[in-house]
Amino acid sequence: MLRRGLLAWVSRVVVLLVFLCCAVSVLYMLACTPQGDEEQLGLPRASGPTGKEGFQAALQEWEEQHRDYIGSLKRQIAQLKQELQERSERLKAAQYHPSDAAGLGLEQGPPEKTQADLLAFLRSQVDKAEVHTGVKLATEYAAVPFDSFTLQKVYQLETGLTRHPEEKPVRKDKRDELVEAVESALETLNSPVEGSPNQRPYSASDFIEGIYRTEKDKGTLYELTFKGEQKHEFRRLVLFRPFGPIMKVKQEKLNMANTLINIIVPLAKRVDKFRQFMQNFREMCIQQDGRIHLTVVYFGKEEMNEVKGILENTSKAANFRNFTFIQLNGEFSRGKGLDVGARFWKGSNVLLFFCDVDIYFTSEFLNTCRLNTQPGKKVFYPVLFSQYNPGIIYGHHEAVPPLEQQLVVKKETGFWRDFGFGMTCQYRSDFINIGGFDLDIRGWGGEDVHLYRKYLHSNLIVVRTPVRGLFHLWHEKHCVDELTPEQYKMCMQSKAMNEASHGQLGMLVFRHEIEAHLRKQKQKTSSKKT
């Protein structure tokens, strides 16, 4: 009985508490509700006396707020742009005056440290980019080649089926990038701080050529060459863009008046090719350049007297005495011939150019050879332009044009011989220190790649870039049975690539179908006339 009464009392208490909670909630809502609806609501009631005018006023107010918001965003964007421009200018000023890096016009404290850290990072990117010293590479495939350019053309290795070995920079971003690099170099050359008081102003017409390459994790390196004040004098600027503003790395004044090049040519027979080579040598080296020594290393005695006769006739006709003739017995070995020719030199440290008898070069290339080598620091591996078979290229012409007219860099006339490493410029001291050629390699091919790998494994900088003044003249290749399987494969690959372009070879393969089509078209035309 007592339990029942207790349960009834608890139930009544619970109901009472629920009622009180509800009452308190209602009172709270009434107390918190705004007194004037029309003053608090964003939109007036349509039924109100000023409903239409209220809507228009509210919309106008929203529009003004929206305009104010847009204006605020524009002001913030303009402020950010101005700040970015100021920071870029301060960074550019700091790179030309490293001592002022701590005083870039910033407040003392964290911003200054941030700017200094940024400069330190950008300069670390320069150090990583193989600007001051070489980086040891495992294989030749790890080397990043340069592209070369003038004010009119870019000479590029990666062409594919649509791009050309030389072309005007089609993409606006690439064109603007190269123009900016040249303008930055001219600004530096004409700067009062950099130049002498009596220095003439430099212009774009003084620009000779440039090379550049981009490493995806570092940035883009530019080396730009300009005419100097005197003959055989050049000005070179090295710039670097570490995915930011262009930075000046160094400026050099180079005098090549006394830089002699020893051109070493290994030879066996091939008298006609040597006669053609000496015609080019006489014009470019003797008449135009005048700072050349020629070393001919001849294997065997067959046709040797004819070769010596060509040398002696050139010597008498051009009053040229700077040549050496070395005769070796045994079978031809290109590596041995070049090695013997390099070590035979008894004078001071000389610049060597390893050359073949079927190579044509210009006097401008000889200066490029000088400018891209430095003893103990830099060797030059130019990528030459290999000529296609003239009989195929000009087969539809009445006659094959003269050699000088054939030597143009076009997709239809040849290709960049990026798999060849035989033509190279390096100082004799670097060649001796690296160990020279592997003399165990016999016959054709292999010795040049072996030497190239040696340089890649060293601390020397290897400059590899297409050169517009160096040509490999077409000649029929004979891959003899005495070659090793690897050498024979390389020889046949080279032979296949030397004949014609992809399109021209396709026309040869399908010539029977093309001729059949032309006959059918001719028959249709004849039948219509009758």
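Remember, it's a predicted structure, so these values are computed and weren't measured experimentally. Once a new chain begins, its residue numbering starts again from 1 and follows that chain's sequence as written. Whole-chain, interface and lining totals are the exception, using all residues; otherwise, since this is a predicted model, local features are given only for residues with pLDDT of at least 70 and side-chain atom pairs are given and counted only at 80 or more. Where side-chain values are given, they derive from all heavy atoms of the structure, hydrogens and water being excluded.

Now for the side chain of E447. Starting at the N terminus, helices and strands are each numbered in turn, a helix being any DSSP run of H or I of at least four residues and a strand any DSSP run of E of at least two. Looking at where E447 falls in the secondary structure, it is placed in helix α13 (residues 447-456). Throughout this description, buried means an accessible area under 20% of the type-specific maximum (1.4 Å probe, protein chains only), exposed means over 50%, and partly exposed covers the range between. Take E447: its relative accessible area is 2%, and that puts it in the buried class. Polar side-chain contacts of E447 include one of 3.0 Å to the side chain of R334. Residue contacts for E447: discarding those within four places in its chain leaves R334, G335, F437 and I441. Within 3.5 Å is the distance limit for a polar contact, defined as a pair of N or O atoms, with the added protein rule that one can donate a hydrogen and the other accept it, and that residues adjacent in sequence qualify only through two side-chain atoms. Residues count as neighbours in contact if any of their non-hydrogen atoms are within 4.5 Å of one another.

What follows concerns the nonpolar core. In globular proteins that are soluble, nonpolar side chains generally tend to be buried together. Among buried residues, those of type Ala, Val, Leu, Ile, Met, Phe, Trp, Tyr and Cys that are joined through side-chain atoms within 4.5 Å constitute a nonpolar core. Core analysis: the largest hydrophobic core is formed by 58 residues, its most contacted members being I263, F274, F277, F281, F353, F361 and F365. Here this core gets eight residues from one element, more than from any other, and that element is helix α6 (residues 271-289). Each domain's limits were defined by an automated method or a database of domain assignments. Mapped onto the domain boundaries, this core takes at least three residues apiece from domain 1 (145-192 + 201-255) and domain 2 (261-475). For F353, the residues in contact, after removing those within four places along its chain, are I261, N262, I263, I264, F361, F365, M423, T424, C425 and L470. Counting 24 residues, the second largest nonpolar core, distinct from the first, contains I326, A342, F431 and V449.

Time to look at the packing of α6 against helix α9 (residues 363-371). Lines fitted to C-alpha atoms define the axes here, with helix axes fitted over just the stretch in contact, and angles between the N-to-C directions of these axes take values from 0 to 180 degrees. Where α6 contacts α9, the axes come no closer than 9 Å and their chain directions differ by 75 degrees. As far as their axial angle goes, α9 and α6 are roughly perpendicular. Within the contact between the two elements, α6 uses M284, C285, Q288 and D289 and α9 uses S363, L366 and R370. Of the residues assigned to the contact of α6 with α9, the class counts are three nonpolar, two polar and two charged. An angle below 35 degrees is read as roughly parallel, one above 145 as roughly antiparallel, one from 65 to 115 as roughly perpendicular, and any other as oblique. Note on residue categories: nonpolar means Ala, Val, Leu, Ile, Met, Phe, Trp, Tyr, Cys or Pro, charged means Asp, Glu, Lys or Arg, and polar means any other residue, Gly included.

Our focus in this paragraph is the packing of aromatic side chains. When we look at a pair of aromatic rings, we describe it by the centre distance and by the angle of the planes. A pair of Phe, Tyr and Trp rings is counted when the ring centres sit within 6.5 Å of each other, with Trp represented by its six-membered ring. The angle between the planes then sorts it: under 30 degrees is stacked, over 60 is edge-to-face, the rest tilted. The tally for this structure, following the rule as stated, stands at 25 aromatic pairs. Both rings, one in Y155 and one in W416, keep their centres 6.4 Å apart while their planes meet at 80 degrees; by these two values the pair is edge-to-face. Taken together, the positions of Y155 in strand β2 (residues 154-155) and W416 in strand β14 (residues 414-416) put the pair 261 residues apart, joining distant regions of the chain. On the accessibility criterion, W416 (5% relative accessible area) is buried. Seen in terms of ring centroids, F353 and F361 are 6.0 Å apart; in terms of plane orientation they differ by 85 degrees. Their pairing is edge-to-face.

Moving on, we get to a positive patch on the surface. Together, R519, K520, K524 and K528 make up a region of like positive charge exposed at the surface. If you trace the backbone, R519 turns up in helix α16 (residues 511-529). Patch membership needs two things, relative accessible area over 30% and no salt bridge, and members are linked within 9 Å if like-charged or within 5 Å if nonpolar (Val, Leu, Ile, Met, Phe, Trp, Tyr). Each accessible area value is a Shrake-Rupley result obtained with a 1.4 Å probe; residue values ignore everything except the protein chains displayed when judging cover. Any carboxyl oxygen of Asp or Glu that lies within 4 Å of a side-chain nitrogen of Lys or Arg is treated as forming a salt bridge with it. None of His or the chain ends enter the tally, which takes Lys and Arg as positive and Asp and Glu as negative. Lysine's charge is taken at NZ, arginine's at CZ, aspartate's at CG and glutamate's at CD.

We now examine the pairing of strand β13 (residues 378-387). Counting buried positions over the ten residues of β13 gives ten, a clear majority of the element. In β13, alternate side chains face the same way, and those of K378, F380, P382, L384 and S386 on one face and V379, Y381, V383, F385 and Q387 on the other are all buried. Across eight bridges, the pairing between β13 and strand β16 (residues 461-472) is parallel. In the strand pairing of β16, S386 is matched with H472. Here three bridges tie β13 to β14, and the two strands are oriented antiparallel to one another. Looking at the pairing, S386 lines up with F415 of β14. When DSSP finds two or more bridges between a pair of strands, those strands are recorded as paired.

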